[in-house]
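Next come the chains, spelled out residue by residue.
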Amino acid sequence: MHSRTVQAWFCQGFYATLTARADALFELTDAVLCTEGPVKTLVDLSLAPEHRRGHGALYSALGAGGVDMARFRGLLAGQRLPRAADGRLMLAVDVSNRLRPDAATSSDRLFCHTYGRGQGQAQMIPGWPYSVIAALDPGRSSWTALLDAVRLGPACDTATVTAAQLREVVTGLIEAGQWRDGDANILIVADAGYDPARLAHALSDLPVEAFARLRSDRVFCRPVPARPRSPRGGRPAKHGGLFRFTDPETWHTPSVTTHTRTERYGTAAATAWNRMHPRLTHRSVWIDHDGELPVIAGTLIRLTVEYLPGDRHPKPVWLWTSAVDLPAEQVNRAWQAFLRCFDLEHTFRLLKQTLGASCPKLRDPESADRWTSLIIAAHAQLRLACPAASDLRRPWEKPVTEPGKLTPARVCRGFRNIRGKTPIPARAPKPSRPGPGRPPGTHNRHHATRHDVGKIPKRPASITAHRSTTG
């Protein structure tokens, strides 16, 4: 299908997902894509030729507009998605923070972990964290296909919300025909901070494989060795010997060892141990689990490289995937897929620095959710317009010789030329008169309510404390 035809199909589908203030929301998205240079302020978008309405309609659309999120997720799942070399889908999940430190009248803010310039400069700044899911390209690229974004609230458990979000996205991909019976399982890649074993258990009824990085101080259990049954009976063992990441003496013979030559990291050595599992207890996230705790077996991978860009002494990386009995070829594909999850950082940088995902100073979190949906729709249109975009490079930039290899920022420069050849479903604005506004000399007597920054609730430390709180 031609890229312009696909572009028109997406525009029609996106307009159909807008349930209220549809024309203003659609033109606001076009203004984001067609503005020259990065988006700095929200009101400046009303001056773009693509936004035919006034600045009042712009703010009214974000404050009272509507987006059918179910249809919007279905639209994103129905587009052409990138796939790995073996044809499987690779999904990355991560959190992008929208910092709002001075918004005392904004509700549902959380303390967001941010990194400063320099070692040990991490800070906790109030804001709205968003859990983002995107499909990854098989190779190094600044492109990803955004599929969903959910705001995390003060009462939300991050792992529970992420599992529910992944379930909804994977189900939508299956309904859209992106996965069929006989296809390879969908790979879910995450960085440290996510519990891959819990995600694998929560999504065990779906065709997915959870894969994430682990802390270097973890302790896993080996599989139970085959032993003759004792004549005295007794409960069979569930866990084998301990495997401490920091103690090589506890490591047993690996099942797979591979060495791969790379351009950026030198020789990458991957050592894999099959059917390794964490030892779960009725504490923390498993305190509400009914019945016997499961044994979630997977493949443990230790990845070492010769050097990193700017670091000649890199530390080993520990990875875990819910797949078992992996051959050497799939072990290499697994850790290479993990490297691709950092491509999502390029997308976050584009959304914030070019498309202005964090520039509007909105008070209501619902308005921020609508703006986030518009930014995701704008990014999806950039992906669809990439094959038809021309390279409007700066004099100091290198030309791109391969077709379809432009970066998202370069595609955004020439999007106005593509937009002029695409049918616009939004209707022309109707003439209207401005409202009377507040009478001169009067003051606002209805002050906005101030909200404290919320905190994620702590879980009970033991079963006894949990039973005392639940009654």
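Along each chain, numbering runs from 1 in the same order as the chain's sequence is written. Local features are withheld for residues below a pLDDT of 70 in this predicted model, meaning they are given only at 70 or higher, and side-chain atom pairs are given and counted only at 80 or more; totals for whole chains, interfaces and linings count all residues. The basis for every side-chain value is the complete set of heavy atoms in the structure, and neither hydrogens nor water enter the calculation.

Draft legend 1. Molecular detail of the overall build of the chain. Secondary structure summary: the chain contains 12 helices and 14 strands in total. Here the globule rule is a power law, 2.2 Å times the number of residues to the power 0.38, and the radius of gyration is based on C-alpha atoms. In terms of C-alpha radius of gyration, the chain reaches 25 Å, essentially the compact-globule figure of 23 Å for 471 residues. When the backbone C-alpha atoms are referred to their principal axes, the chain occupies close to 90 × 60 × 45 Å. When checking whether two residues touch, look at their non-hydrogen atoms; a contact exists if any pair is within 4.5 Å. Considering only residue pairs separated by 6 or more positions, the chain has 67% of its internal contacts joining residues 24 or more positions apart. The helix count covers DSSP runs of H or I at least four residues long, the strand count covers runs of E at least two residues long, and both are numbered beginning at the N terminus.

Draft legend 2. Molecular detail of the side chain of Ser96. Following the sequence through the fold, Ser96 ends up in strand E3 (residues 90–99). Pairs of N or O atoms are called polar contacts if they sit within 3.5 Å, as long as, within protein, a hydrogen donor faces a hydrogen acceptor (for residues adjacent in sequence, only side-chain-to-side-chain pairs). Within the structure, the side chain of Ser96 is placed 3.4 Å from the side chain of Lys352, a separation counted as a polar contact.

Draft legend 3. Examining helix H7 (residues 328–340) more closely. Any helix carries an expected span of 1.5 Å times its number of residues minus one. Look at H7: 19 Å from first C-alpha to last across 13 residues, which is about the 18 Å you get at 1.5 Å a residue. Among all positions in H7, only Val331, Asn332, Ala334, Trp335, Ala337, Phe338 and Arg340 are buried. Relative accessible area decides the class of each residue, using a 1.4 Å probe on protein chains only: under 20% of the type maximum gives buried, over 50% gives exposed, and in between gives partly exposed.

Draft legend 4. Quick peek at the nonpolar core. In these notes, a set of buried Ala, Val, Leu, Ile, Met, Phe, Trp, Tyr and Cys residues joined through side-chain atoms within 4.5 Å is what counts as a nonpolar core. Membership of the largest hydrophobic core comes to 121 residues, with the highest contact counts inside it found for Phe14, Leu45, Leu91, Leu173, Leu300 and Trp371. Looking at this core, the element that brings in the most residues is helix H9 (residues 365–385), giving 11 residues. Residue contacts for Phe14: discarding those within four places in its chain leaves Phe26, Thr29, Phe72, Leu75, Leu374 and Ala377.

Draft legend 5. How the structure looks around the packing of helix H4 (residues 69–78) against H9. To get an axis, a line is fitted to the C-alpha atoms, and for a helix only the part in contact is used. The angle between two axes follows their N-to-C directions and goes from 0 to 180 degrees. Two elements in contact, H4 and H9, have axes whose closest approach is 12 Å; the angle formed by their N-to-C orientations is 20 degrees. Taken as axis vectors, H4 and H9 run roughly parallel relative to one another. As H4 runs across H9, the sense of the crossing is left-handed. Side by side, H4 and H9 meet where Met69, Phe72 and Leu76 of the first sit next to Ser373, Ile376, Ala377 and Ala380 of the second. In terms of residue class, the contact of H4 with H9 is built from 6 nonpolar, 1 polar and no charged. Orientation is classified from the angle alone, with under 35 degrees giving roughly parallel, over 145 giving roughly antiparallel, 65 to 115 giving roughly perpendicular, and any other angle giving oblique. Less than a right angle of anticlockwise turn of the near helix away from the far helix marks a crossing as left-handed, whereas a clockwise turn marks it as right-handed. Residue classes follow a fixed rule: Ala, Val, Leu, Ile, Met, Phe, Trp, Tyr, Cys and Pro count as nonpolar, while Asp, Glu, Lys and Arg count as charged, and any other residue, Gly among them, counts as polar.

Draft legend 6. Molecular detail of the pattern of salt bridges. By salt bridge we mean one thing: a side-chain nitrogen of Lys or Arg within 4 Å of a carboxyl oxygen of Asp or Glu. Taken as a whole, this structure holds 26 salt bridges when the rule is applied. One salt bridge in this structure joins Asp369 and Arg151, with 3.0 Å as the shortest N-O distance. Of this pair, Asp369 sits in helix H9 while Arg151 sits in strand E6 (residues 144–151); the two residues are 218 residues apart in sequence, bridging distant segments of the chain. In this structure, the salt-bridge partner of Glu292 is Lys238, at a minimum N-O distance of 3.3 Å. Placement of Glu292 in the loop between strand E12 (266–276) and strand E13 (298–304) and of Lys238 in the loop between strand E9 (219–221) and strand E10 (242–244) is noted, with a sequence separation of 54 residues between them. The class for Glu292 is exposed, based on a relative accessible area of 54%. Counted as one network, the salt bridges with shared partners bring together Asp23, Glu27, Arg52, Arg53 and Arg427.

Take it as geometry only, folks, not as evidence of what the structure does.
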